[in-house]
Structures are given as C-alpha cells and as structure tokens.
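# Examination of the molecular architecture
Chain residues, written in single-letter form:
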Amino acid sequence: MKSIFIDCSLGISGDMLASAFFDLGVPYSIFSDNLINLNIDKEYNLEFNEGDSQGIKGIICTKTEIQCKELSRSLNDVKNLLLNSRLNDYVKKKSIKVFETLAEAEAIIHGKKISDVHFHELGSIDSILDIVNVCSSIDFLKPDNIYFSNPPAGKGIVSTLHGLLPVPVPTVLEIARQKKIPLTVLDDKYFGEITTPTGIALIATFKDNFGQPDKINIKKIGIGLGSKNISRPNFLRVMLIDENSDYIENNQPSYENIISQEAWIDDSTPEDVAVLIERLRSAGAIDVVCYSVDMKKNRKGICIQAIVYPKNKNLLREVWFNYSTTIGIRENKISRWILPRRTVSHKTKFGIVNIKQAMRPNGQASIKIEHKDLTKITLNTGIPIDEIRQKLIIELSEFYELDDWSF
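Overview of the structure. (Residues numbered from 1 in each chain as written. Predicted model: local features only at pLDDT ≥ 70, side-chain atom pairs only at ≥ 80, totals over all residues. Heavy atoms only, no water.)

### Some points on the overall build of the protein chain
Helix and strand content of the protein chain: eleven helices and 18 strands. Taken along its principal axes, the extent of the C-alpha atoms in the protein chain is 80 × 55 × 40 Å. Residues classed as buried in the protein chain amount to 46% of the 407 residues present. Relative to all contacts within the protein chain whose residues are 6 or more apart in sequence, the contacts with residues 24 or more apart total 70%. Carbon and sulfur atoms make up 49% of the accessible area of the protein chain, which totals about 21800 Å². Of the side chains in the protein chain, 50 bear a positive and 52 a negative charge, and the two mean positions are spaced by 4 Å. (Helix = DSSP H or I, 4+ residues; strand = E, 2+ residues; numbered from the N terminus. Buried < 20%, exposed > 50% of the residue type's maximum accessible area, 1.4 Å probe, protein only. Contact = heavy atoms within 4.5 Å. Areas by Shrake-Rupley, 256 points an atom, 1.4 Å probe, with all protein chains shown as cover. Lys, Arg positive; Asp, Glu negative; His and termini not counted. Charge placed at Lys NZ, Arg CZ, Asp CG, Glu CD.)

### Concerning the sheet that holds strand β14 (residues 300-308)
Paired through their backbone hydrogen bonds, the strands of a sheet run either parallel or antiparallel. The strand order across the open sheet formed by four strands is β13-β14-β12-β15, and the pairing between neighbours is antiparallel. Two strands lie at the open edges of the sheet, namely β13 (285-294) and β15 (330-338), each paired on one side alone. Within the sheet, the average angular offset between the axes of one strand and its neighbour, ignoring direction, is 25 degrees. Across seven bridges, strand β12 (residues 254-265) lies against β14 in antiparallel orientation. Bridging across to β14, Glu 262 finds its partner in Gln 305. Contacts from helix α8 (residues 270-282) reach β12, β13 and β14, with the element oriented near 150 degrees to β13. Here helix α9 (residues 313-323) sits on the sheet in contact with β12, β13, β14 and β15, set at roughly 10 degrees to β12. (Pairing = 2+ DSSP bridges. Axes fitted to C-alpha atoms, helices over the stretch in contact; angles between N-to-C directions.)

### A look at the packing of aromatic side chains
The tally for this structure, following the rule as stated, stands at six aromatic pairs. Plain terms: the ring middles of Tyr 28 and Phe 48 are 6.4 Å apart, the flat faces sit at 80 degrees to each other, and that makes the pair edge-to-face. Separated by 20 residues along the polypeptide, Tyr 28 in helix α2 (residues 28-37) and Phe 48 in strand β2 (residues 46-53) bring together distant segments of the chain. Judged by its relative accessible area of 35%, Tyr 28 is partly exposed. Between Phe 31 and Phe 48, the aromatic rings sit 4.8 Å apart at their centres with planes inclined by 55 degrees, giving tilted as the arrangement. (Phe/Tyr/Trp six-rings, centres within 6.5 Å; stacked < 30°, edge-to-face > 60°.)

### A short note on the nonpolar core
Formed by 62 residues in total, the largest nonpolar core has its most connected members in Ile 6, Leu 17, Phe 21, Leu 82, Phe 99, Leu 236 and Val 238. The dominant element in this core, judged by the number of residues it contributes, is helix α5 (residues 125-141), at nine residues. Membership of the second largest hydrophobic core comes to 16 residues, among which are Ala 263, Ile 277, Ala 283 and Trp 320. (Core = buried A, V, L, I, M, F, W, Y, C linked by side-chain atoms within 4.5 Å.)

### So, α2
Three or four residues apart is the spacing at which side chains of an α-helix point the same way, because the helix has 3.6 residues per turn. Three or more residues of α2 are buried, namely Phe 31, Ser 32, Asn 34, Leu 35 and Asn 37. Against the buried residues of α2 lie α1 (14-24), β2 and α5. Among the residues trailing α2, Asn 39 stands out with phi positive, at a value near 60 degrees.

### Comments concerning unusual backbone geometry
Cis geometry is found at the peptide bond from Val 167 to Pro 168, where omega equals 0 degrees. Turning to its location among the elements, Pro 168 is positioned in the loop between β8 (163-166) and α6 (170-178). Positive phi, normally seen in glycine, also occurs at Asn 39, with a value near 60 degrees. Structurally, Asn 39 is set in the loop between α2 and β2. Taking the relative accessible area as the measure of exposure, Asn 39 reaches 67% and is therefore exposed. A positive phi is found at Asn 298, a non-glycine position, where the angle reads about 60 degrees. One can find Asn 298 in the loop between β13 and β14.

### So, the pattern of salt bridges
This structure, assessed with the given rule, holds 16 salt bridges. Glu 104 is the salt-bridge partner of Lys 179, the closest N and O atoms lying 3.9 Å from each other. Here Lys 179, found in the loop between α6 and α7 (197-206), pairs with Glu 104, found in helix α4 (residues 89-110); they are 75 residues apart in sequence, far enough to count as distant. Look at Lys 179 and you get partly exposed, because its relative accessible area is 25%. A residue is classified by how much of its surface remains accessible, and Glu 104, at 28% relative accessible area, is partly exposed. Between Glu 331 and Arg 317 there is a salt bridge, and its shortest N-O distance comes to 2.7 Å. Of the two residues, Glu 331 is situated in strand β15 and Arg 317 in helix α9; the sequence distance between them amounts to 14 residues. (Salt bridge = Lys/Arg side-chain N within 4 Å of Asp/Glu carboxyl O.)

If you want it as structure tokens, here you go:
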C-alpha cells in the first residue's frame, strides 16, 4: 500500500511542500504545465534549485515576481480562475477545497459572509500556484493514505496587510480549531510564522491521519526548504512509504494493517441489518460478518463486524451512524498476513469467466472460479454447477503457471 508521510514538525508552507514533492521525484513538467494550464504570464518563472538550511540539503522553490500590482481576489474569483483553467478535475476540486477552507476561517475572523471574503496575500498568483502545485503532485503520486505530523504553532508577531498580528495568525488558529488539527509548541528561539495559512489549509484538505504510521518501509524522501533564514534548520520532508513493510518476496505472504469496526444491535429487523451490511460493503468494507449475541436483559442481538482499509474507515463510520440504529461502534487496529492474489478474466468455451488466483509459498498457484459466473452459466446451459466447475478447471489447468502478479 503506497502512502505518504509528511513530516512538518518544523513548519509547513505551500512552497516548501511543493519543493519536497519535486525532490521526491514529481517531474518538473507537472509544475511547468500548471503555469500553462492557469494561463500565467509567460515571463513568470518557476524554479526548483538545490540549497541547504543550516547544513541540511534540500530543494528550494523560487519564483519571479509579477511586476504589475495584483488585486485582491474573492473566493468566487479564485474559483472561476481555477474552473476556467485547463487543470484536471481532481486538481481543480482539491485546490478549490483549500481556498474554501481558507475562506471559511477568514469569514469567521472578520465577521463576514464567505462571499464577501477577499484574499490579499492568499489570493496572489504565488499562493494559487503553490496550492495547485501541491494538489498536482498528490494527483501524480496517487497515495492510498496521507499522514501528517502535528504542525508547530510558532510564536511572536508578524506584519501583514491587516497590521501586526500574533503568531499563530488568526487564520491558522481558526483552521486548526475548525478542522481539529493539533498544534505543537516548539522550544524554539525563532520568533515568527512557521505554519502558514496555506500550509495548514493543505493539511486540512489532505490529511487522512496524524502521526507516523505503525509500520513503514521508506521508499523515497523529499526535502523542501523554507525561504526564511532562521536560527535552526528550516525544512519539511515528505516520505513515500510502503505500509506493507514486512512484505517478503518470492511468493511469500505480505503483512498489512487494517481496521476492525463492530457494533452489537438488538433493535433492528433482519431486513434492516441486511441493507446495512450491503451499505458497509458498498462503502469499501473488505468483508462484513454477523452473528447472534446475548445482550443485556437477555435480549438476542446481532454482532456486525466489518474489516476495512484505513483509508475507508471514516466513510464506514458515516454508514454506521447514518444507516443503523447503533449509537456507538468499537474500532481496533488489526493486522493480517495475506498471500499474493489477483482476480483476472479468462476466455473459456463457456464465455468470459472471472478467476481468483493465489500463489502459495511453495510456488503452487491455486484458482477459484467466481460463483456468480458459474451460476450464470448453469442457468444459461442447464449443466450442473459441479460439472461446469470440473470442465473449467481442466480447461484452465495451463493457467496455473503465472509470470506476473499485481496485488
């Protein structure tokens, strides 16, 4: 399972994150295409150069300044700019979400409607490009999960277009409150902003979890440097990780972490339980089981248990609480070992059938024909299922030897 861990324990901004993604291996063409897709002035120059911060090597992003004075932009102005661009739908959607997060915070701070909020520094081409660059990088990498460390609050006072403001600035503080993002306090000699509004809005948009994953296998590391010269290293790092860190090659089982969610229910009909189970599966559950349990007051109830990949756990929680009578669920991290497996389609004399294949540690491959395909064939031909299964197994005997596996 490919995931990203963003260690922003020393600070985070949009350009630092974009620089780290470039260092991680996101092609420069992804960023240069954004200039074209946003129809930005051809003289605007975006560069990623090697640098160091207090001896730590990394990448720093530099941009040429637009000579003409930029006007402030409303949320609708930014939305229209993005929607009318040639960016893909994912990047448009995520970039707009970042600006909506910023606008919601600004509206509360200034006591305005969201439609009346105007971005100043945050509405500049620089800020828009930073956000789009990060969204494009994540779209390119397509991680299963994104983890963030807790960002630092910072301290001191900064000068803005609104005048002097305390750190963390009100926008950062409000987003942290709204999105329940815990801020850490560093024992730091530097007085100034180290978590920017853009940085925390990106965290709010993309976070799946806070903290380092339980088990990681680091594939690549990208270092993004901040532009400020402060009394300590000023950098952010992004790690491309494989959470199946105990995976052993040569047809051996692989290890992964998953989530177990369960509830005991004694006030639903069997018909309602059946619908709930189907909803849980549709929402991404790997599997769902149920069995009877004896509950308080000697009531007969049903235990429903779903196992799910961590990236889908929030969606399943919504199903539990919106479509069942339960008022609470038990949730635990569990681990499992799985054999290499895949589902493939194969043309047979009965037509196309889907086959589940697994590779055993001794190198033997096993197959199982999808039962729904067997059912379809028996209904169309009148041949008993057992006879169809035997004929297909003989026909597929050469298909046991496999030379390429995807998990």
